[in-house]
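# Summary of structural features
Below, each chain spelled out in residue letters.
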Amino acid sequence: KAALITGLLITALGVLPALSTDLLGLMDKIAGELLLVAGALATAILAGWVVRDQVQSELIQGASAFWARQVPKIMAVLRFLVPPIVAIVLYFSLRETIGAIGGFMAS
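Below you will find a few notes about this structure.

Rules behind the numbers
Residue numbers here run from 1 along each chain, matching the order of that chain's written sequence. Where local features are concerned, this predicted model is filtered to residues with pLDDT of at least 70; where side-chain atom pairs are given and counted, the filter is 80 or more; whole-chain, interface and lining totals use all residues. Calculation of side-chain values draws on the structure's entire complement of heavy atoms; hydrogens and water are dropped beforehand. Comment: elements are numbered from the N terminus, with helices defined as DSSP H or I runs of at least four residues and strands as E runs of at least two. Radius of gyration here is computed from C-alpha atoms only, and the compact-globule reference equals 2.2 Å multiplied by the residue count raised to the power 0.38. The contact rule is simple, with two residues in contact once any of their heavy atoms fall within 4.5 Å. For the area figures, the Shrake-Rupley method with a 1.4 Å probe applies, and any residue is considered shielded solely by the protein chains shown. Two residue types count as positive, namely Lys and Arg, and two as negative, namely Asp and Glu; His and chain ends fall outside the count. We put the charge of a Lys on NZ, of an Arg on CZ, of an Asp on CG and of a Glu on CD. Buried residues are those whose accessible area, probed at 1.4 Å on protein chains only, stays under 20% of the maximum for their type, while exposed residues exceed 50% and partly exposed ones sit between those limits. Put simply, a salt bridge is a Lys or Arg side-chain nitrogen that is within 4 Å of an Asp or Glu carboxyl oxygen. Lines fitted to C-alpha atoms define the axes here, with helix axes fitted over just the stretch in contact, and angles between the N-to-C directions of these axes take values from 0 to 180 degrees. An angle counts as roughly parallel when it lies under 35 degrees, as roughly antiparallel when it exceeds 145, as roughly perpendicular when it falls between 65 and 115, and as oblique in every other case. For any helix crossing, the convention is left-handed if the near helix is rotated counterclockwise from the far helix by under a right angle, and right-handed if that rotation is clockwise. Under this grouping Gly is polar, as are all residues other than the nonpolar Ala, Val, Leu, Ile, Met, Phe, Trp, Tyr, Cys and Pro and the charged Asp, Glu, Lys and Arg.

### Description of the overall build of the protein chain
The number of helices and strands found in the protein chain is four helices and zero strands. The order of helices and strands in the protein chain, counted from the N terminus, is α-α-α-α. Rg of the C-alpha trace for the protein chain: 20 Å, well past the compact-globule value of 13 Å for 107 residues, more than 25% over. Dimensions of the protein chain, computed from C-alpha atoms along their principal axes, come out at roughly 55 × 40 × 20 Å. Contacts in the protein chain between residues far apart in sequence, at least 24 positions, make up 70% of those at least 6 positions apart. Of the roughly 7600 Å² that the protein chain leaves accessible, carbon and sulfur atoms contribute 74%. Averaging the locations of the 7 positively and 6 negatively charged side chains of the protein chain gives two centres separated by 12 Å.

So, in structure tokens, the structure goes:
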């Protein structure tokens, strides 16, 4: 039953952009600019802070001696540099997406 409801919902969401190229462009903007960047931020936070030890051991496993020495630097960049930069990109993507939604609603 849940699979049927989910399939019908996905079909309904797929039919709408097929009927309107403007809606298709809006959905592309939301998925490509907003959700992709939000996923990158979530991944950086998850890998750098939540499961840090597992990520670090995975990076070290099978690495050459040179790259094994670089893992603490990589983790520092992942923890302290990547999230703020991606958050700034997310902010501007959110502003642009909200503007696109407003433009779509106005037309």
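On we go from here.
### As for the side chain of arginine 79
Turning to its location among the elements, arginine 79 is positioned in helix α4 (residues 65-106). No salt bridge forms around the buried arginine 79; measuring N to O, its nearest opposite-charge neighbour aspartate 53 is 8.1 Å away. If we ignore the near neighbours within four places in the chain, the residues touching arginine 79 are Gly48, Trp49 and Arg52.

### Quick word on the packing of helix α3 (residues 52-60) against α4
At a closest axis distance of 10 Å, the pairing of α3 and α4 adopts a crossing angle of 140 degrees. Relative to α4, the element α3 is oriented oblique. Along this stretch, α3 crosses α4, giving a crossing that reads as right-handed. Contacts from Arg52, Val55, Gln56, Leu59 and Ile60 in α3 reach Val71, Ile74, Met75 and Arg79 in α4. Of the residues in the contact of α3 with α4, the class split is six nonpolar, one polar and two charged.

### Some thoughts on the packing of helix α1 (residues 2-19) against helix α2 (residues 21-50)
For the pair α1 and α2, the least separation of the axes is 5 Å and the interaxial angle reads 120 degrees. With respect to α2, the axis of α1 lies oblique. Along its contact with α1, which presents Leu13, Leu16, Pro17 and Leu19, the element α2 presents Thr21, Leu23, Leu24 and Met27. Of the residues assigned to the contact of α1 with α2, the class counts are seven nonpolar, one polar and no charged.

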